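Here is how the chains run, residue by residue.
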Amino acid sequence: MNAVLRRNGLGLVAWLVGIVFFLPIAWMALTSFHSEADAATNPPSFAASLTLDGYREFFGSGGGASPWPALINSTVASLVSTVCVLLLALPAAYALSIRRVRKWTDVLFFFLSTKMLPVVAGLLPIYLFAKNTGMLDNIWLLVILYTSMNLPIAVWMMQSFLAEVPVAVIEAAQIDGARLPTILARVVAPIALPGIAATALICFIFSWNELLFARVLTGVVAETAPVFLTGFITSQGLFLAKVCAASLVVSLPVLAAGFAAQDKLVQGLSLGAVR
């Protein structure tokens, strides 16, 4: 009986925590369907009439800038950088977990140490480099930056995932004459697919949400969705309904990717947790 009560209590606490985390998103979604006058009321009105004016203004029906170029730029930068990270992290993790190189723990620490530098500390050198090479306001500069920023995290994650791959399976493939690219693509990748999916989703989220470099290094051509979103906060005031509508639209790709890969994400993040 005590075990049942404890399990039910933990389930109730988990539901309450989930609701607490979900409330801001629900509140943002509800506010996005209100008019600006209703959204600005204090205390807020739950029974206010619903409208799509905030979404119409976000998509440029009121004469404003179109969000599609920024959304496309974010999609390109996030997807391409995530693919590059996976292509680089998989062989690196293979060398650090299955066919371990000498002093592999030092290599892992080096990867981790690259994340200890504050991002703002490297902003000026990167800006000067981009300016001197003519890569300011270039989406491919963001692809390179996002790849380099997410690669250490991806290697750390995938090293732990690939450590769970049975060595006997790899040795059997080698006996059959399979070379390293074939082993990585047809043996290691399918076994470690949940971990690879979890790594890809986290890298995609980090790239999609990145603001500092995108804000400083882009202007009009390579503007990303988070940078476009900051343009709704002006000196004329905060248009709450419009900002909420824009925030919800910008958040949808991340929410959709997380929902689509939730089973692989849970499997990947829990891989190796129980031995």
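Here, every reference points to the structure presented above.
Residues numbered from 1 in each chain as written. Predicted model: local features only at pLDDT ≥ 70, side-chain atom pairs only at ≥ 80, totals over all residues. Heavy atoms only, no water.

Topic: the nonpolar core
As a reminder of what qualifies: The term nonpolar core refers to a set of buried residues drawn from Ala, Val, Leu, Ile, Met, Phe, Trp, Tyr and Cys, joined through side-chain atoms within 4.5 Å. Type-normalised accessible area, obtained with a 1.4 Å probe on protein chains alone, sets the label of each residue: buried when under 20%, exposed when over 50%, and partly exposed for intermediate values. Secondary structure elements follow DSSP: runs of H or I of four or more residues count as helices, runs of E of two or more count as strands, with numbering from the N terminus. Two residues qualify as a contact provided that any one of their heavy atoms is within 4.5 Å of a heavy atom in the partner residue.
Counting 30 residues, the largest nonpolar core has Leu-162, Ile-170 and Val-188 as the members making the most contacts within it. The set of elements that each furnish at least two residues to this core consists of helix H4 (68–97), helix H5 (104–113), helix H7 (139–162), helix H8 (167–175), helix H9 (180–191) and helix H10 (193–209). Among residues more than four places away in sequence, those in contact with Leu-162 are Leu-90, Ala-93, Tyr-94, Ser-97, Ile-98, Val-188 and Ala-192. Within the second largest apolar cluster, 15 residues are counted, among which are Ile-139, Leu-141, Leu-142 and Val-227.

Some words on the packing of aromatic side chains
Under the convention used in this document: For this analysis, a ring pair means two rings from Phe, Tyr or Trp (six-membered ring only for Trp) whose centres lie within 6.5 Å, classed as stacked if their planes differ by under 30 degrees, edge-to-face if by over 60, and tilted for the remaining angles.
Applying the stated criterion to the full structure yields 5 aromatic pairs. Arranged with centres 5.1 Å apart and planes meeting at 40 degrees, the rings of Phe-33 and Tyr-55 form a pair that is tilted. Note that Phe-33 is positioned in the loop between helix H1 (2–32) and helix H2 (36–39) and Tyr-55 in helix H3 (residues 53–58), a separation of 22 residues in sequence. Note on Phe-33: relative accessible area 29%, which makes it partly exposed.

Thoughts on the packing of H5 against H7
Worth spelling out the cut-off: Where helices are involved, their axes are fitted lines through C-alpha atoms of the stretch in contact, as for all axes, and angles between N-to-C directions lie from 0 to 180°. Under this scheme an angle from 65 to 115 degrees is roughly perpendicular, one under 35 degrees roughly parallel, and one over 145 degrees roughly antiparallel; angles in between are oblique. Crossing handedness is defined as follows: a turn of the near helix away from the far one that is anticlockwise and smaller than a right angle gives a left-handed crossing, while the clockwise case is right-handed.
Put simply, H5 and H7 touch, their axes get as near as 8 Å, and they point 140 degrees apart. As the angle between them shows, H5 and H7 are arranged oblique. Where H5 crosses over H7, the handedness of that crossing is left-handed. Taking contact as the criterion, the partners of Trp-104, Leu-108, Phe-109, Phe-111 and Leu-112 in H5 are, on H7, Pro-152, Val-155, Trp-156 and Gln-159.

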